[in-house]
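Structure at a glance
So you can see what is in the structure, the chains are spelled out below.
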Amino acid sequence: MIVCSCNSISDRDIHAAIDWMRASDPETIITPGKIYHALGKKPDCGGCMSLFLSTMRENDNLVVPAELRGLKKHRMKRG
């Protein structure tokens, strides 16, 4: 399914980029911008962003590295 029609990015493209990024660096934070960059594209109108994000969330490799989980709670307790 095409997720971003401006750049012809499919759900398979998004999943492949996430899988590749996670395999190459298990601790990386994966963002839509990094996915566009990995695919050699640039965001255009942004109309696809909600579908783009929901497609990202479907991928099992889209996890926050363990070292970064709970940082907001930790910061709030200190402050």
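Each chain has its residues counted from 1, following the order in which its sequence is written. Where local features are concerned, this predicted model is filtered to residues with pLDDT of at least 70; where side-chain atom pairs are given and counted, the filter is 80 or more; whole-chain, interface and lining totals use all residues. Derived side-chain values reflect all non-hydrogen atoms in the structure, with water molecules and hydrogen atoms excluded from consideration.

Under the scheme used here, helices are H or I runs from DSSP no shorter than 4 residues and strands are E runs no shorter than 2 residues, and both carry numbers assigned from the N terminus. Here Glu 27 is to be found in the loop between α1 (11–24) and α2 (32–38). Taking C-alpha positions, Glu 27 is 5.3 Å from Pro 65, a pair spaced 38 residues apart along the chain. What Glu 27 contacts, discounting residues up to four positions off in sequence, is Arg 22, Pro 65 and Glu 67. Two residues qualify as a contact provided that any one of their heavy atoms is within 4.5 Å of a heavy atom in the partner residue.

To count as a disulfide, a pair of cysteine sulfur atoms needs to be within 2.5 Å. By the definition in use, this model includes 0 disulfides. Of all cysteine sulfurs in the structure, the one in Cys 48 sits closest to Cys 4, which takes part in no disulfide; the separation is 3.9 Å. With no disulfide of its own, Cys 45 lies closest to Cys 6 among cysteine sulfurs, the gap being 3.7 Å. Judged by its relative accessible area of 58%, Cys 45 falls in the exposed class. With a 1.4 Å probe rolled over the protein chains alone, any residue whose accessible area is under 20% of its type maximum counts as buried; one over 50% counts as exposed, and the rest are partly exposed.

Right, let's talk about the environment of Gly 40 for a bit. Assignment of secondary structure puts Gly 40 in the loop between α2 and α3 (49–57). Separated by 33 residues in the primary sequence, Gly 40 and Asn 7 have C-alpha atoms spaced 9.9 Å apart.

On to the confidence of the model for the protein. pLDDT is defined as a per-residue confidence score from the predictor, taking values between 0 and 100. The pLDDT averaged across the protein works out to 89; a share of 87% of its residues lies at or above 70. At the low end of the mean pLDDT range in the protein sits helix α4 (residues 71–78), at 62; at the high end sits strand β2 (residues 9–10), at 98.

A rise of 1.5 Å per residue sets the reference length of α1, with its 14 residues, at 20 Å; its end C-alpha atoms lie 20 Å apart and thus fit the reference within 8%. What α1 keeps buried is the set Asp 11, Ile 14, His 15, Ala 17, Ile 18, Met 21 and Arg 22. When α1 is viewed along its axis, its buried side chains cluster within an angular range of 160° and face the same direction. Projecting away from the buried face of α1 at angles above 90 degrees are the exposed residues Arg 12, Trp 20 and Ala 23. Of the surrounding secondary structure, the elements contacted by the buried residues of α1 are β1 (2–4), β2, α2 and α3. By this rule the span expected of a helix is its residue count minus one, scaled by 1.5 Å. Taking the helix axis as origin, the arc is that swept by the directions to the C-beta atoms.

Right, let's get into α3. Along α3, the positions that sit buried rather than exposed are Phe 52, Thr 55 and Met 56. The arc enclosing the buried residues of α3, seen along the axis, measures out at 100°, which places them on a common side. Along α3, the residues that are exposed and aim more than 90 degrees away from the buried face are Ser 50 and Arg 57.

The definition of a nonpolar core used throughout is a set of buried Ala, Val, Leu, Ile, Met, Phe, Trp, Tyr and Cys residues joined through side-chain atoms within 4.5 Å. Counting residues in each nonpolar core, the largest one holds 13 residues, and the members touching the most others are Ile 14, Ile 35, Phe 52 and Met 56. When contributions to this core are tallied by element, the ones reaching two or more residues are β1, α1, α2 and α3. When residues of this core are assigned to their parent elements, the largest contribution, 4 residues, is made by α1. In this view, Ile 14 contacts Val 3, Ile 9, Ile 35, Phe 52, Thr 55 and Met 56; residues no more than four positions away in its chain are not counted.

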